[in-house]
Amino acid sequence: MPASFNLTRLPKLSGAGGICLQLSGQLALPDATEFWQKLKEEIEPGRGHEIDLSAVERLDGVCAAMLVSVEAEARCSGQYLHFHGASPGVERLLALYGIDGNPCKAPPTHLRILEQVGEATCSLVANTRNTLSFIGELSLSAIRAIRTPKSVHWADLGKLLERAGADSVPIVIAINLLVGFILGLQSAMQMEQFGVGIYVADLVGMSVVRELGPLMTAIIVTGRSGAAYAAQIGTMVVSEEVSALRSMGFDPVRFLVIPRTIALALMVPLLVVIGNFVGLLGGLLVGVLYLDVSISAYILRTQSVIGLSDWCSGLLKAAVFGIAIALIACERGFSTRGGAEGVGTSTTSAVVTMLFTLVCLDAFFTIIFSALGI
Amino acid sequence: MTSEPDSIIVVRDLCIGWGDRILMEHLSFDVARAERFVILGGSGSGKSTLLQNLIGLVEPRSGTILIDGSPPPAPETAPPRFGVMFQSGALFGSMTLLENVSLPLNRWTDLPADAIEEIALARLRLVALEGFENHSPSEISGGMKKRAGIARALALEPSLLFLDEPSAGLDPISSVELDELLLTLNEELGVTLVMVTHELESIDKVATRCIVLDGETRGIIADGPPRELRSQTEPIFVKHFFNREPRSA
């Protein structure tokens, strides 16, 4: 379909040796792409232009914006681009879109690498400070909560325990069983070569009870409950529910964080107990099905290797993991700003921080326990 | 079907509602081109539902809606022939204002990126948001969000603009500035305005014609310029509404 406008170059030159163009016809959105291309082709950088608009029958906002843009570009590069002959309607529209008043664009600013590193470092320091300050605030809130138990939303605790605990049991069983099975199979393949297949029970038992059981369970809780807490509290912040709590005289930290922290501090160790047993079961399956070890021999070997201190160290880790997950999730939730985007950002940040913290805490506990000979 | 020759919206025998609940039935009215048309009514009378039917978000239970002579196209099938400004602005929080305004142009035109940027900047200038193009919606005030919502609604050069409670929640200065902007769009660009609002001052300033919906009779109980409606003593709801009187007065 032919364009309903014409942009022609007139043979005459303007006073200062500039180019004269004439626009005619209908300048509207359906032909805007072609109009923009022609306009860019006809306007020569470094030369002045005069554009005759007397034959323009119709100009819409899209094309007016384009004319205003080329005028500003010419003006800002020290050239002139004048329109003349416009009908009152066209003139009014150009004025409405800011002809002559359209400011020059500032060149885009890009942060240099060093600045980006500096900004990231500052942000890391600020995040750490916020987390520490949040832990301080929570400690004070916990003391106050003991004095005034009514200020805590205890009604939530039952639901939180159920969601963090009972609802997580199937996935905790599935993941830990597979981890125990994979660990057992990999070690069985190696140990069988040396005729010490029964030591699979030692390896699986110690690894699951001391390390993998607590860590894998905490990772599952991070994905289920931790992410949910960050998103819930973040949504409450952006929808002003947290402000409403404050306005009613509640301390949001006491009201929201303490029940969640208690829920995870109680539920993660319980889940770890379940996870440890099914992890050991995974190893037992490998022992029985792959290594032809009897069930009783495998269980006796496992019992002889795993002591009470191994169980206790795993459960202590689990409780600390639970508290860490709750604190980080709630802190990131409270620091949410903006709308839906902010909730997404704080939830992602919470999950990444929780995972990183879990691994750091696990390493810390391993070093301490080995130093103490536990 | 008979309608005024220069009607941009024609509604005939429309029945709207939610589930089993009928809110309005046998609604018929026209909106003339370049009119500033306001839909009024008590809370729950069906104003917002009517607006959702007009813009094609909800299918009418029965009846006809014609916009520019044809039914509103199903969303996502064709470029919209009208712009819509939602009550909160409904800007996307993950995008800057410039990206928000560019969105319909990217979707429905094959304009190059630099042209789209220039058009979006011009729209933002039109609504006095110059300099805020790289801000995200969470960084601007409620009034600015509404203006940005209008800039986005205007992106595809519509001749018809629907506005849901444009002045709600705004301070008097922002509210009057928004009214001025709407008048400019109507008078200078010839944009037809269809608004749902409760703000009497905005109605007086902007509207050329109002219809009043009544939840009890499920129909239109008054139709005319706001000055005429203000002086009416019947129906009683219209008198109470325009004179800010309690129902018991």
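Refer to the structure presented above.
Residues numbered from 1 in each chain as written. Chains lettered and ligands numbered in written order. Predicted model: local features only at pLDDT ≥ 70, side-chain atom pairs only at ≥ 80, totals over all residues. Heavy atoms only, no water.

Another aspect to go through is the interface of chain A and chain B. With 21 residues of chain A in contact, the opposing surface of chain B contributes 24 residues. Interface of chain A and chain B: buried area, both sides summed, is about 1900 Å²; carbon and sulfur atoms make up 63% of it. Among the residues chain A hides against chain B, the three largest losses belong to Trp36(A), Leu96(A) and Tyr97(A). Together they make up 29% of the total. If you look at where chain A meets chain B, you find one salt bridge. With a closest N to O distance of 2.8 Å, Arg92(A) and Glu188(B) form a salt bridge. Along the contact surface separating chain A from chain B lie eight residue pairs in polar contact (both at pLDDT 80 or more). Elements with a minimum of two residues in the side of chain A that touches chain B: helix H1 (32–42), helix H2 (61–76) and helix H3 (88–96) of chain A. For the side of chain A that touches chain B, the element with the most residues is H2(A), which contributes six residues. Residue classes in the side of chain A that touches chain B are distributed as eleven nonpolar, five polar and five charged. (Contact = heavy atoms within 4.5 Å. Buried area = accessible area lost by both parts, 1.4 Å probe. Salt bridge = Lys/Arg side-chain N within 4 Å of Asp/Glu carboxyl O. Polar contact = N/O pair within 3.5 Å; in protein donor to acceptor, adjacent residues only side chain to side chain. Helix = DSSP H or I, 4+ residues; strand = E, 2+ residues; numbered from the N terminus. Nonpolar A, V, L, I, M, F, W, Y, C, P; charged D, E, K, R; others polar.)

All names here are of chain B. The full count for this structure, using the stated rule, is 22 salt bridges over all chains. The partner of aspartate 30 in a salt bridge is arginine 12, and the shortest N-O contact between them spans 2.8 Å. Taken together, the residues aspartate 30 in strand S2 (residues 21–32) and arginine 12 in strand S1 (residues 7–18) connect sequence positions 18 residues apart. You'll find aspartate 30 and arginine 12 in the same group, each marked buried. Between glutamate 187 and arginine 36 there is a salt bridge whose closest N-O contact spans 3.9 Å. Of the two residues, glutamate 187 sits in helix H5 (residues 172–189) while arginine 36 sits in strand S3 (residues 36–41), which places them 151 residues apart along the sequence. The exposed category is assigned to glutamate 187, whose relative accessible area is 52%. (Buried < 20%, exposed > 50% of the residue type's maximum accessible area, 1.4 Å probe, protein only.)

Mapped onto the fold, Arg123(B) is located in helix H3 (residues 113–126). Classification of Arg123(B) by relative accessible area gives buried; the value is 2%. Leaving out residues up to four positions away in the same chain, Arg123(B) has contacts with Gly61(A), Val62(A), Tyr97(A), Val101(B), Ala151(B), Leu154(B), Ala155(B) and Glu157(B).

Turning to the sheet that holds strand S7 (residues 192–196) of chain B, a few remarks are in order. Residues and elements named next belong to chain B. Judged by pairing direction, the sheet is mixed, and its six strands sit side by side in the order S5-S6-S7-S3-S8-S9 without closing on themselves. The open sheet has two edge strands with one neighbour each: strand S5 (83–85) and strand S9 (219–224). Direction aside, the axes of adjacent strands within the sheet are offset by 15 degrees on average. Strand direction decides the pairing type here: S3 and strand S8 (residues 209–214), joined by five bridges, are parallel. Bridging from a neighbouring strand, valine 38 pairs with cysteine 210 of S8. Together, S3, strand S6 (160–164) and S7 form the strand contacts of H5, whose direction differs from that of S7 by roughly 150 degrees. (Pairing = 2+ DSSP bridges. Axes fitted to C-alpha atoms, helices over the stretch in contact; angles between N-to-C directions.)

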